[in-house]
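# Observations on the three-dimensional arrangement
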Amino acid sequence: MRTLLRGHAATVLVAALAAGFGVTLLGLIRILVIATEAAIAGAALDQAPLVLVIVAYVFLAIAIYVAAIVTTNTVATIVAGRVREIALVRLLGASAARERARLAKEGLTAGAVGAVIGVAASWALLAAFVLVGEATTLLPPGQTYAFLVPDMVVPIVAVVLTTWLAAWVGSRRVLGVTPIEALGAAVPSDAAHPAGSRARATLAAVLGGGGALLLALGALLGQASPLGVFVGIAGGITSFTGLMIGAPFVIPALLALVGRALGRDAAAVLGVRNALRHPDRSARAAIALVIGVSLVTMFVVAGMTANAIMYQRMEDHWGTTAPLDPAFAMAMGVLGILVGFSAVIAAVGLVNTLTVGVLQRTREFGLVRALGLSRGQLRRTISVEAVQLAVTAILVGFAVGIAYGWAGAEAMFGSFQVFGPVPPVIPWWLVAGIVGVAALLALVGSLVPARRALRIVPVEALAAE
Amino acid sequence: MQTKPSDLGLVARVTELTKTYGTGGAAVTALDGISLGIRRGEFTAIMGPSGSGKSTLMHIMAGLDAPTAGRVWIGDEEITALNDRELTVVRRRRVGFVFQAFNLVPTLDVEANVTFPFELDGRRPNTTERAWIDSLIDSLGLRNRLRHRPSELSGGQQQRVAIARALGSRPALVFADEPTGNLDSRTSREVLALLAAAAADYGQGIVMVTHDPFAASHADRVILMNDGRVAADEGRLTASAASELVLSLASDEAAAR
């Protein structure tokens, strides 16, 4: 088991988070149903309200999707680190397909182990919640809060299967490893070009541009009828698909832009250049976080903007200035956190990408240390890389989320406006939260890999094969 | 008054250098009380079988590793007592490196690799330094490769870039660790001629660690190491003489048995 899970710690953690998240959501809904029945005499809910279940599954699907992107990246990184080993077994006669299947199997195992851990943690959490809830009478007493539901199989199976699939997709590079790479030059060959073609770039541009136009059209139609939201949703999905497909082209360019702002000294340049060295990897690591951040921002901005539109209307009708309902803001916050869980998964992936990147550059760090890079400079190299990746992903997610949220609110509620379109409402706590997350990510993303990197002894690194 | 290494025409010097790995019964002595000086403008080859201590000696002389006992100077500066930060600066400013492989920073182009030691110091080469680097780039035939990445260069070209970088900051000393280990014979000859010319024409002190008697035959001085000690210290040798010198160790051992 230990050898089978070698290098898959991030995959296990990500699978545990996704499965645990899904099971926790379903368990909470069950507890809520029991509590409601107990609180309102005669209410025989038995089944959870459909809308709650749908929302839970949407959140789960987003979390699993982000987890799959992260795992694809983790496995691709593992393959890059094992090229010589794979080449050696190829040299000794193993087929590429067999090696790839082996990696996929490792992914399956990691997914299963992670799911078990996640479910166990989730059940413990739910049980603790029930205990605390009963003790504080938050949950009506005298009930048996049996939160286990058969549906919990769904997140477990879904997580295991998607982890397997993601490992399969991520291990594609195995097919390109030639036996000769086991011998010869110790210099790892760098994939200089993104795994993309002109066709891919064109598709991304068409979907992105077309989707953005549709989104704008939706917002415009929304000024006349709430049905504009359907055009808006179509535009949102299309343009986001375009962004995902185009990520290997767009993200590296943005990374370069943000990187330039971080400094021109040797240490900074080493860090900035590295993120651009594997455009696919950097793009995937960033895009996973973009999804989480943009969804949170979209929900919050859409909700708050819609809220502003409705209050404006009430003021106009009744002439009173109604204060912003704090309960509504809180509900938006909770919703944001639930949606944002995928951002936690993406963050795990980001830190893992950075850490493994450091491990795989042991010789390179040994070389630059020998040539005169001080420990302080090495620390700077690594933090520049982390800051660059975290800041780029969060800025993109934030900008995209504001655009989507505002367009969504205008598409759905535009026709209720009294004085024409309102500007997007961006609450200060959202900005504070985003800045906090960015700072935390950049910090963790530099400290964890830096601890490894500073342990590198130049002499040993240069001798290492 | 103490004699400074430079008074003796030395660019590097070690005295009573000892290095042991591990402790107690498992202790291995890599260097066993070596004293040695490297002269300005001298191309020195250090030969010896694997485990003879030649790499350890080079690492300690270059400030990459610390000795167990003994003293080390680069120029007139004793580096034995320096901390990691100070050693880093010494390597950056006073030592050049050419390794066997993985010599260049993969993410930087040729020009950025050559000026990397300056960049680490947070400065651009001044006019004199720039002219020197330009002349190196021209004489090494790298002029039309300046924008290339290391992965786009042949092994010989990569080695020439490493030499340009090692000489660019005019360090007191250049260390070359098996610089021809990965090269074909024609490219090896070129690289060795370049190192020899750097010593003869620019007065550069060069220490080259090598297994290869042919490589050693380009040096002004050949030091043979065995069991952490200097077994022989010769002047210029032909390849066959260098080869015999190494083989003499084997026959000595056979005789000792």
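Here is a short report on the structure shown in this document. (Residues numbered from 1 in each chain as written. Chains lettered and ligands numbered in written order. Predicted model: local features only at pLDDT ≥ 70, side-chain atom pairs only at ≥ 80, totals over all residues. Heavy atoms only, no water.)

## Examining the overall build of chain A
Assigned secondary structure in chain A consists of 15 helices and 0 strands. The globule rule puts the C-alpha radius of gyration for 465 residues at 23 Å, and the 25 Å found for chain A is close to it. Counting only C-alpha atoms and orienting by the principal axes, one finds that chain A spans roughly 80 × 50 × 40 Å. A buried classification covers 49% of the 465 residues belonging to chain A. In chain A, the proportion of contacts linking residues at least 24 apart, taken out of those at least 6 apart, comes to 87%. Of the accessible surface of chain A, which amounts to about 20,900 Å², a share of 73% is contributed by carbon and sulfur atoms. Mean positive and mean negative side-chain charge positions of chain A (30 and 19 charges, respectively) differ by 14 Å. (Helix = DSSP H or I, 4+ residues; strand = E, 2+ residues; numbered from the N terminus. Rg over C-alpha atoms; globule rule 2.2 N^0.38 Å. Buried < 20%, exposed > 50% of the residue type's maximum accessible area, 1.4 Å probe, protein only. Contact = heavy atoms within 4.5 Å. Areas by Shrake-Rupley, 256 points an atom, 1.4 Å probe, with all protein chains shown as cover. Lys, Arg positive; Asp, Glu negative; His and termini not counted. Charge placed at Lys NZ, Arg CZ, Asp CG, Glu CD.)

## Focus on the interface of chain B and chain A
At the junction of the two partners, chain B supplies 22 residues and chain A supplies 25 residues. Of all residues in chain B, Phe102(B), Thr107(B) and Leu120(B) give up the largest surface area on contact with chain A, accounting jointly for 30% of the area buried on that side. At the boundary of chain B and chain A, one finds 1 salt bridge. The partner of Arg369(A) in a salt bridge is Asp84(B), with the nearest N and O atoms 3.1 Å apart. Joining chain B to chain A, the criterion identifies 8 residue pairs in polar contact (both at pLDDT 80 or more). For the side of chain B that touches chain A, the secondary structure elements donating two or more residues are α2 (84-94) and α4 (116-120) of chain B. Tallying contributions element by element places α2(B) first for the side of chain B that touches chain A, with 4 residues. For the side of chain B that touches chain A, the per-class residue count stands at 11 nonpolar, 4 polar and 7 charged. (Buried area = accessible area lost by both parts, 1.4 Å probe. Salt bridge = Lys/Arg side-chain N within 4 Å of Asp/Glu carboxyl O. Polar contact = N/O pair within 3.5 Å; in protein donor to acceptor, adjacent residues only side chain to side chain. Nonpolar A, V, L, I, M, F, W, Y, C, P; charged D, E, K, R; others polar.)

## Details of the environment of Ile251(A)
Residue and element names in this part refer to chain A. Within the element layout of this structure, Ile251 appears in helix α7 (residues 228-261). Along the chain, Ile251 and Arg313 lie 62 residues apart, while their C-alpha atoms are 41 Å from each other. Discounting residues that sit within four places of it in the chain, Ile251 has contacts with Ser282, Ala283, Ala286 and Ile287.

## Section: the sheet that holds strand β10 (residues 229-234) of chain B
Residues and elements named next belong to chain B. Taken in spatial order, the 6 strands of this open sheet run β6-β7-β8-β3-β9-β10, and their pairing is mixed. In this open sheet, the two strands that pair with only one neighbour each are β6 (95-98) and β10. Adjacent strand axes in the sheet meet at a mean angle of 20°, parallel and antiparallel pairs treated alike. Looking at chain direction, β6 and strand β7 (residues 173-177) are connected through 4 bridges and run parallel. Bridge pairing in β7 links Val95 to Leu173. Here helix α1 (residues 54-61) sits on the sheet and contacts β3 (43-47), β7, β8 (205-209) and β9 (221-226); the angle it forms with β7, its principal contact strand, is near 150°. (Pairing = 2+ DSSP bridges. Axes fitted to C-alpha atoms, helices over the stretch in contact; angles between N-to-C directions.)

## Details of the sheet that holds strand β4 (residues 69-74) of chain B
All names here are of chain B. Across the sheet, which stays open at both edges, the 4 strands sit in the order β2-β1-β4-β5 with antiparallel pairing between neighbours. Edge positions in the open sheet fall to β2 (28-39) and β5 (77-78), since each of these has one partner strand only. The sheet contact formed by β4 and β5 spans 2 bridges and is antiparallel. Looking at β5, one finds that Ile74 is bridged to Glu77.

## Notes on the packing of helix α11 (residues 341-359) of chain A against helix α13 (residues 375-413) of chain A
Residues and elements named next belong to chain A. Relative to each other, α11 and α13 sit at 150°, their axes nearing to 11 Å. In terms of orientation, α11 lies roughly antiparallel with respect to α13. With respect to the hand of their crossing, α11 and α13 are arranged in right-handed fashion. Contacts between α11 and α13 pair Leu350, Leu354 and Val358 from the former with Ile382, Glu385, Ala386, Leu389 and Ala390 from the latter. (Parallel < 35°, antiparallel > 145°, perpendicular 65-115°, else oblique. Left-handed = near helix turned anticlockwise from the far one by under 90°.)

## Things to note about the nonpolar core
One finds Phe240(A), Ile287(A), Leu289(A), Ile291(A), Ile345(A) and Leu441(A) to be the most contacted residues of the largest nonpolar core, which totals 70 residues. Formed by 54 residues, the second largest nonpolar core is a distinct cluster that contains Val269(A), Leu378(A), Leu454(A) and Met225(B). (Core = buried A, V, L, I, M, F, W, Y, C linked by side-chain atoms within 4.5 Å.)

## Details of the environment of Asn73(A)
All names here are of chain A. Along the chain, Asn73 turns up in helix α2 (residues 50-81). For Asn73, a relative accessible area of 3% puts it in the buried group. In the structure, Asn73 is positioned 168 residues away from Thr241 in sequence and 18 Å away in space, judged by C-alpha atoms. Excluding residues within four positions of it along the chain, Asn73 makes contact with Asp280, Arg281, Arg284, Ala285 and Thr353. At 3.0 Å, the side chain of Asn73 and the backbone oxygen of Arg281 are in polar contact.

## Let's talk about a nonpolar patch on the surface
A cluster of nonpolar side chains, contributed by Leu440(A), Leu443(A), Val444(A), Leu447(A) and Val448(A), occupies part of the molecular surface with about 430 Å² of accessible area. For Leu440(A), a relative accessible area of 54% gives the class exposed. (Patch = residues over 30% accessible without salt bridge, like charges linked within 9 Å, V, L, I, M, F, W, Y side chains within 5 Å.)

## Focus: the packing of aromatic side chains
For any pair of aromatic rings, the description rests on two quantities: the centre-to-centre distance and the angle between the ring planes. Using the criterion set out here, one finds 7 aromatic pairs over all chains in the structure. Consider the rings of Trp132(B) and Tyr202(B), whose centres lie 4.6 Å apart with planes at 90°: the pair is edge-to-face. Of the two residues, Trp132(B) sits in helix α5 (residues 127-139) while Tyr202(B) sits in helix α7 (residues 185-202), which places them 70 residues apart along the sequence. With a relative accessible area of 9%, Trp132(B) lands in the buried category. The ring of Trp168(A) carries the charged tip of Arg100(A) above its face, separated from the ring centre by 3.8 Å. (Phe/Tyr/Trp six-rings, centres within 6.5 Å; stacked < 30°, edge-to-face > 60°. Lys NZ or Arg CZ within 6 Å of the ring centre and 35° of its normal.)

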